[in-house]
Every structure is written in C-alpha cells, then in structure tokens.
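What the coordinates show
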Amino acid sequence: MSYVFKGIRWLLGYIIIIIDWLTRPRSPQHSAEKRAELDRATANMALYQFKRCPFCVKTRRTLRRLGLNIELRDARNDPKWNAELIEQGGKYQVPCLRVVDDKGEVSWIYESSEINDYLDRRFG
Ligand SMILES: N[C@@H](CCC(=O)N[C@@H](CS)C(=O)NCC(=O)O)C(=O)O
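Here goes a summary of the coordinates provided. Just so it is clear, the structure is predicted and the values come from calculations on it, not from any experiment.

In space, the four strands of this open sheet follow the order S2-S1-S3-S4, with mixed pairing throughout. Strand pairing shows two members of the sheet lacking a second neighbour, strand S2 (71–74) and strand S4 (106–110), which therefore form its edges. Between one strand axis and the next, the sheet turns through 25 degrees on average, direction left out of account. Against the sheet, helix H5 (residues 112–123) engages strand S1 (45–49), strand S3 (96–100) and S4, with an angle of about 120 degrees to S4.

Time to look at the state of the cysteines. Applying the stated criterion across every chain, the model contains zero disulfides. Counting only cysteine sulfurs, Cys 53 is the nearest neighbor of Cys 56, a cysteine outside any disulfide, at a range of 3.1 Å. Owing to a relative accessible area of 0%, Cys 56 belongs among the buried residues under this scheme.

Taken together, Phe 50, Cys 53, Phe 55, Tyr 92, Gln 93, Val 94, Pro 95, Glu 111 and Ser 112 make up the full set of residues adjacent to the ligand. Contacts to the ligand include Val 94, whose backbone N or O atom sits 2.9 Å from an oxygen atom. Interatomic distance of 2.7 Å between a side-chain N/O atom of Glu 111 and a nitrogen atom of the ligand. Computed on the free molecule, the ligand has an accessible area of 520 Å², of which 68% lies beneath the protein chains in the complex.

The rules behind each value
For every chain, the first residue of the written sequence is number 1, and numbering continues from 1 along that sequence. In view of the model being predicted, local features appear only for residues whose pLDDT reaches at least 70, and side-chain atom pairs are presented and counted only at 80 or more, with totals across whole chains, interfaces and linings using the full set of residues. With hydrogens and water excluded, all non-hydrogen atoms of the structure serve as input to the side-chain values. Strands qualify as paired when DSSP identifies two bridges or more between them. Under the DSSP-based scheme used, a helix requires at least four consecutive residues in state H or I and a strand at least two consecutive residues in state E, with every element numbered from the N terminus. Every axis corresponds to a line fitted to the C-alpha atoms, with the helix fit spanning only the stretch in contact, and the corresponding angles, defined between N-to-C directions, vary from 0 to 180 degrees. The contact criterion used is simple: two residues touch if any of their non-hydrogen atoms lie within 4.5 Å. Disulfide assignment relies on a single distance test, namely cysteine sulfur atoms paired within 2.5 Å. Whether a residue is buried, partly exposed or exposed follows from its accessible area with a 1.4 Å probe, protein chains only, as a fraction of its type maximum: under 20%, in between, or over 50%, in that order. The rule for a residue being near a molecule or strand is that one of its heavy atoms must lie within 4 Å of it. Two N or O atoms form a polar contact when they lie within 3.5 Å of each other; inside protein one atom must be a possible hydrogen donor and the other a possible acceptor, and for residues adjacent in sequence the pair counts only when both atoms belong to side chains. Computed with the Shrake-Rupley method and a 1.4 Å probe, the accessible areas treat only the protein chains shown as cover for residues.

Here's what the structure looks like:
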C-alpha cells in the first residue's frame, strides 16, 4: 500500500472519529439496578474492533445509545486479540462481537448491521 493511500486512510479515520465525537448519541441514564442487570448481561461479551474503522464506529454508537458497557478489544494493535479473532472467530474482519451464552457456547457475530440488530433485539 502506498504512503499516499495510507495517509488518506489515516486522515479519513480521524475525520470519522471527530464526526462521531461531535454527533454521538447520549447514553441513557439507567438506575443502579438496571445498570447492574445490563452489566451482568454483557459481562460475557466483547467487541473486537479497530479505533478508526467506520463500521466499528457504527457499532460503538449502538453500544452508547443502548448504554452498554461491553469490553472493546483492539484487534489491530493487540496481538492477543488479533490472533484470537482470526483463530477462533474465523476471519480478520471487524467489528466482531464475541458472545458466550449461559451454557458456555461461544458465538462470533460479524457484520456491523448484524451486531447492531442483535444488540437492539436484546437490549433495545
Ligand atoms: N460489511 C462489514 C465491513 C467491515 C470491514 O470492512 N471492516 C474492515 C475495517 S474498516 C476490516 O475488517 N478490514 C480488515 C483488514 O484491515 O484487513 C461490516 O459492516 O461490518
């Protein structure tokens, strides 16, 4: 990849972050009970993502809109999460939501729209 292309991508990434920051939705103010209930329900979830990926921004906005504290895992810069995503999730693509259900079964949900639909169905 040429340096020019890398530079443009880097710049666009930051523009997206700034626009997101300026326009991001408010987090709902949950009661302490609701907060605890949501934190319990999302404790077994993790979002594999890149900071400046537009699709990840889209999903992070949903986390914020729904007031969810889901762990963010940097799959570009952290070799542990990078390897886990590829080896266990099946491909190097973000965002990807890892969900462990009550029986301990692990699902890897790819595609920002799929992830957003899943979170809206469960918590919206
Ligand atoms: N259709 C996917 C697109 C996701 C996508 O293109 N993600 C890029 C980052 S913005 C990616 O994972 N690229 C992998 C790479 O850089 O090799 C979605 O909506 O989630």
